[in-house]
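An overview of the molecular structure
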Amino acid sequence: MIRQRVERSPARQFLMGVVGLVLIIAAVDIVWGHWLSTPPDEHEGVVTSKGRAQQRADLIWGGAFLIGGTALFGTAVVTLVRRRPVLLILEDGIELYVTGPSTSSFVEWDAVRSLRSGRDLDEDTSRARDVLIVDIAEPGDLPDDPWGAVWEGSELRIDAGGWHPDVAEVAVHGQLAMEEYHRDHPE
């Protein structure tokens, strides 16, 4: 039985879709519409050589905006429609989606030493990010190079940015499920 299902935040996915839509509209304006952007230079109805250079630049920027916006919008729509979990807390263990976006690995509570939330420093942005720390005695079929997580010794540190519910709540539910399992299944 599923005790808790953790998904990506729908609000964050919606905002990502809005940003994608804005980028698509900006691309259309830059390349064709010119409602807010300036049109290429013309002289007596003919595009000048400077105008042709502006058109080429507009095509490059518009294409980049269109590709990026379509990717963001498409990803947001698919994520909102599919609603795949990133983690499941079950009665007898935890199902982690660290093998890939649609494949999971199951870890029994007997193999988990502890489960807690924490914050790690992101090396790229120098900002703290939320993580779920799962100390695993026997990694079983978990990958050496997990998707969305890193190994530090026996601890699997899973990136919890944008989770719904919050990582602290997930850690509490996981700890309670693990304690209940050990109470019901004494060694």
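Residues numbered from 1 in each chain as written. Predicted model: local features only at pLDDT ≥ 70, side-chain atom pairs only at ≥ 80, totals over all residues. Heavy atoms only, no water.

**What about the sheet that holds strand β8 (residues 128-136)?**
With respect to topology, four strands assemble into an open sheet ordered β7-β8-β10-β9, the strand pairing being antiparallel. Both edges of this open sheet fall to β7 (112-121) and β9 (149-152), since each of them pairs with a single strand only. Averaged over all adjacent pairs, the angle separating strand axes in this sheet is 25°, with direction ignored. Inspection of the sheet shows β8 paired to strand β10 (residues 155-159) by five bridges, in the antiparallel sense. Following the sheet pairing, I133 is matched in β10 by R157. Contacts from helix α3 (residues 167-184) reach β7 and β8 within the one sheet, and its direction differs from that of β7 by about 170°. (Pairing = 2+ DSSP bridges. Helix = DSSP H or I, 4+ residues; strand = E, 2+ residues; numbered from the N terminus. Axes fitted to C-alpha atoms, helices over the stretch in contact; angles between N-to-C directions. Contact = heavy atoms within 4.5 Å.)

**Some thoughts on a nonpolar patch on the surface**
A cluster of nonpolar side chains, contributed by F14, L15, V18, V22 and L80, occupies part of the molecular surface with about 440 Å² of accessible area. A total of four residues in the nonpolar patch trace back to one element, the largest contributor, which is helix α1 (residues 10-33). Accessibility expressed as a relative area gives 51% for F14, which makes it exposed. (Patch = residues over 30% accessible without salt bridge, like charges linked within 9 Å, V, L, I, M, F, W, Y side chains within 5 Å. Areas by Shrake-Rupley, 256 points an atom, 1.4 Å probe, with all protein chains shown as cover. Salt bridge = Lys/Arg side-chain N within 4 Å of Asp/Glu carboxyl O. Buried < 20%, exposed > 50% of the residue type's maximum accessible area, 1.4 Å probe, protein only.)

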